[in-house]
Amino acid sequence: MPGSERVQITGPSGDRYDEILTPQAIDLIAALHAELAQRRFLALAARRRRQTDLSRGAMLDFLPETAHIREDPDWRVAPPAPGLVDRRVEITGPTEKKMTINALNSGANVWLADFEDANTPLWDNMITGQLNLKDALDRTIDFRSPEGKQYALRPDDELATIVVRPRGWHLDEKHILVDGTRASGSLVDFALYMATCAQRQLDKGKGPYFYLAKTESHLEARLWDDAFRIAQDFLGIPRGTIRATVLIETIPAAFEMEEILYELREHSAGLNAGRWDYLFSVIKKFRTRGRDFVLPERNSVTMTAPFMRAYTELLVRTCHRRGAHAMGGMAAFIPSRRDPEVNDKALAKVREDKTRESGDGFDGSWVAHPDLVPVCKEVFDAVLGANPNQLGKLREDVHVTADDLLAISKTPGAITEAGLRNDISVALQYLAAWLSGNGAVGIFNLMEDAATAEISRSQVWQWIYNDIALDDGPVVTRELVEQLIDEELTKIRAAAGEEFDPAQYGQAVALFTEVALADEFVEFLTLPAYERMP
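Given the structure is predicted, the values throughout are model-derived calculations rather than measurements.

(A) Representation of the overall build of the protein. Within the protein one finds 18 helices and 15 strands. Taking 24 Å as the expected radius of gyration for a compact globule of 534 residues, we find that the protein reaches 22 Å, a close match to that expectation. The dimensions of the protein, computed from C-alpha atoms along their principal axes, are 65 × 55 × 50 Å. Counting every position in the protein, which comprises 534 residues, the buried fraction comes to 61%. Counting contacts in the protein only where the partners sit at least 6 residues apart, residues at least 24 apart contribute 77% of the total. Of the charged side chains in the protein, 61 are positive and 82 negative, and the gap between their average positions amounts to 2 Å.

(B) How the structure looks around the pairing of strand β13 (residues 364-367). Covered by surrounding structure in β13 are Gly 364 and Trp 366 together with Ser 365 and Val 367, the residues of both alternating faces. Relative to β13, strand β12 (residues 326-330) is paired through two bridges, and the arrangement is parallel. Residue pairing in the sheet places Met 330 in a bridge with Trp 366 of β13. In the classification by handedness, the crossover that spans β12, the intervening helix α11 (residues 340-360) and the parallel β13 is right-handed.

(C) Layout of the sheet that holds strand β7 (residues 172-178). One open sheet accounts for three strands, arranged β1-β7-β8; its pairing is antiparallel. Each edge of the open sheet carries a strand with a single partner, namely β1 (7-9) and β8 (181-184). Sheet twist, expressed as the mean angle between neighbouring strand axes with direction ignored, is 55°. As paired elements, β7 and β8 share four bridges and run antiparallel to each other.

(D) How the structure looks around the nonpolar core. In this structure, Trp 111, Phe 190 and Ile 248 are the most contacted members of the largest nonpolar core, which totals 140 residues. Listed in part, the 43 residues of the second largest apolar core include Val 294, Tyr 430, Leu 484 and Phe 500.

(E) Structural context of the pattern of salt bridges. Using the criterion set out here, one finds 54 salt bridges in the structure. Among the salt bridges present, the one from Lys 491 reaches Glu 488, with a minimum N-O distance of 3.0 Å. Here Glu 488 and Lys 491 lie together in helix α16 (residues 478-496), a separation of three residues that amounts to about one turn. Overall, Lys 491 belongs to the partly exposed group, its relative accessible area being 46%. A residue is classified by how much of its surface remains accessible, and Glu 488, at 5% relative accessible area, is buried. Taken together, the salt bridges that share partners define one network made up of Arg 275, Arg 309, Glu 313, Asp 353, Lys 354, Arg 356, Glu 357, Asp 360, Arg 395 and Asp 397.

(F) The arrangement of the packing of helix α1 (residues 23-55) against helix α5 (residues 185-203) in detail. Where α1 contacts α5, the axes come no closer than 9 Å and their chain directions differ by 140°. Between α1 and α5, the interaxial angle falls into the category oblique. Considering how the two elements wind past one another, α1 and α5 form a crossing that is right-handed. Across the interface between the two elements, Gln 24, Ala 25, Leu 28, Ile 29, Leu 32, His 33 and Leu 36 from α1 touch Leu 187, Val 188, Phe 190, Ala 191, Leu 192, Met 194 and Ala 195 from α5. Split into classes, the residues belonging to the contact of α1 with α5 amount to 12 nonpolar, two polar and no charged.

(G) The layout of surface pockets, seen in detail. Taken as a whole, the largest pocket holds about 1,000 Å³ of empty space. Lining the largest pocket are 39 residues, with Ile 334, Ala 368, His 369, Ala 440 and Met 447 positioned closest to its centre. For the lining of the largest pocket, the secondary-structure elements that each account for two or more residues are β2 (89-94), α3 (97-105), α9 (275-285) and β14 (441-443). Partitioning the lining of the largest pocket into residue classes produces 17 nonpolar, nine polar and 13 charged. Counting only elements with at least two residues in the lining of the second largest pocket, the list comes to α9, α11 and α15 (450-465). In terms of residue count, α11 provides more of the lining of the second largest pocket than any other element does, seven residues in total. Broken down by class, the residue content of the lining of the second largest pocket amounts to 13 nonpolar, six polar and seven charged.

(H) The arrangement of empty space enclosed by the protein in detail. Under the defined criterion, the tally for this structure stands at three cavities of 30 Å³ or more. The computed volume of the largest cavity comes to approximately 120 Å³. For the largest cavity, the lining is made up of 16 residues, of which Glu 116, Asp 117, Leu 171, Ala 450 and Thr 526 are closest to its centre. When grouped by side-chain class, the residues that make up the lining of the largest cavity number seven nonpolar, three polar and six charged.

(I) Looking closely at the environment of Thr 66. For Thr 66, the location among the structural elements is in the loop between α1 and α2 (67-71). Overall, Thr 66 belongs to the buried group, its relative accessible area being 5%. Separated by 415 residues in the primary sequence, Thr 66 and Val 481 place their C-alpha atoms 44 Å from one another. Once you skip the residues sitting within four places of it in the chain, Thr 66 turns out to touch His 218 and Glu 259. At a separation of 3.3 Å, a polar atom in the side chain of Thr 66 contacts the main-chain carbonyl oxygen of Leu 63.

Here is what the cut-offs are and how they apply
- What you see as residue numbers is a count from 1 along each chain, following the sequence as written.
- For a predicted model such as this one, the threshold for reporting local features is a pLDDT of at least 70, and the threshold for listing and counting side-chain atom pairs is 80 or more; totals across whole chains, interfaces and linings nevertheless cover every residue.
- Side-chain metrics rest on all non-hydrogen atoms present in the structure, leaving aside hydrogens and water.
- Helix numbering and strand numbering both begin at the N terminus, where a helix is a DSSP run of H or I of at least 4 residues and a strand a DSSP run of E of at least 2.
- C-alpha atoms define the radius of gyration, and 2.2 Å times the number of residues to the power 0.38 defines the globule rule.
- Only protein chains enter the accessibility calculation, which uses a 1.4 Å probe; a residue whose area is less than 20% of its type maximum is buried, one above 50% is exposed, and one in between is partly exposed.
- Residue contacts are counted whenever heavy atoms from the two residues lie within 4.5 Å of one another.
- Positive charges come from Lys and Arg alone, negative charges from Asp and Glu alone, with His and the N- and C-terminal ends not counted.
- To locate a charge, the coordinates of NZ of Lys, CZ of Arg, CG of Asp or CD of Glu are taken.
- Whether two strands pair comes down to DSSP finding at least two bridges between them.
- For the handedness criterion, the strands are oriented away from the viewer, and a crossover whose path from the first strand over the helix to the second runs clockwise is classed as right-handed.
- The angle between two axes is taken between their N-to-C directions and runs from 0 to 180 degrees, where each axis is a line fitted to C-alpha atoms and a helix contributes only its stretch in contact.
- Among the buried residues, those of types Ala, Val, Leu, Ile, Met, Phe, Trp, Tyr and Cys that are joined through side-chain atoms within 4.5 Å form a nonpolar core.
- Any Lys or Arg side-chain nitrogen found within 4 Å of a carboxyl oxygen on Asp or Glu counts as a salt bridge.
- Geometric relationships in this document are graded by angle, where less than 35 degrees denotes roughly parallel, more than 145 denotes roughly antiparallel, 65 to 115 denotes roughly perpendicular, and other angles denote oblique.
- By definition, any crossing whose near helix is turned counterclockwise from its far helix by less than a right angle is left-handed, and any crossing with a clockwise turn is right-handed.
- Three classes are used: nonpolar for Ala, Val, Leu, Ile, Met, Phe, Trp, Tyr, Cys and Pro, charged for Asp, Glu, Lys and Arg, and polar for all others, with Gly counted as polar.
- In this analysis, the protein atoms alone were mapped onto a 1 Å grid. Cavities are point sets where a 1.4 Å probe fits without being able to get out; pockets are open sets with protein on both sides within 12 Å along at least five of seven lines; lining residues have an atom within 4 Å of a point.
- Grid points are joined across faces, edges and corners, and a volume is the space filled by probe spheres set on the points.
- Throughout this description, a polar contact denotes any pair of N or O atoms lying within 3.5 Å of each other; where both atoms belong to protein, one of them has to be capable of donating a hydrogen while the other can accept it, and for residues adjacent in sequence the pair is counted only when both atoms sit in side chains.

Here it is in structure tokens:
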């Protein structure tokens, strides 16, 4: 494989990989790491220190040292970039070939091309995903299903705007070494897309746009902003060309929304309410703090829970005060073309979710399936009309305190044996799929990705650690969970029949045990999972 004096590529070569791993892309990876690698390590160390403080009893609050940013009424982010003015429907999904075509053709305004939670970081996935984006922009992409159905792109003016989600700061790319150390997955995904597609996007009248995952502080946003400046200068494109929407999907970031917008203001495209990772973050950050920080079973926690209402309404107010888009999150329900009852339920749930978001002032929202684009569009059309967004809806009626954001104990819901079994079954099925290369999986009529799997396994860990008793049964213990793992695995085997893969599920059980039953909490399940991949 090609490389340079500083960059070594250890992953196997594949068809057309050289179109992505170009000398320019490799040099950009080296330039980004030269400036930012040490700061990335320091940012991750700061996360660990904060976790230690929270585990010892500290609380989150708005930062006194940045109060001047929050109190200054005058600053604004950059105006919306071409292709990002109207974002009423955004569809998410991995960058496999069929999904690329379907998402771009879906009628959504934006496609979140996902290298993160809906993707698994197999080396081939990461490189062929970039190739699919390049081919889509070149209009050379096509796909024929095993059944013979042909997929092709509609005209350019009917396609969704591509917004790429790189991996979070915590993830490495083990197949690329910079100065002998694993590269940052974030910087690799970013650099490969910039080197390959930035000019292609500019030629189409848009630009290179990104979603930023797992951000925990404004200093991490500053790190991204510096990456944008380095890449733009390196490639000779104007500063401010890149635009990024930050997912507010960690509870520390909810206390730094204005500061995050401020750090990225030249490159900001707004904030998104990343609800599933947000729930995972709440569990993770306060996992040892007792019953006041224990959530009910995951399917009981809705967006109307007081702490979730506080978070989403603060996000809309914060964004619109600064001229930034506020984007809603993804309802996990997925439609069924074979079961009318399931389909009707999914459409009703999604309609209810998007009606709440549009009424709250969000400028658009996410769906995970092309069949959900029309219902989301219909709901936002009813509120927006001919307007492209709701930036004028300032939500000055919203006043959120730190206590409101931390009102976790006020969340209604139960913790039952059925909920515990659901967590276990979903996690096992998802991890089995993830380890085989699939990061977005329909399970029990819900779309599961790494974020929802994280909720499942972290709830189990928290319930064991805090001696939580089931509402209809015993205290949750390691022994009980091990028993239920065996029982749920038997159900999965029976349902799968001849398609059940014992080796695959053996790995899934081992991984689930490692991330749900170990004495020490594993920060992200994708870290040990990645080490099990080639």
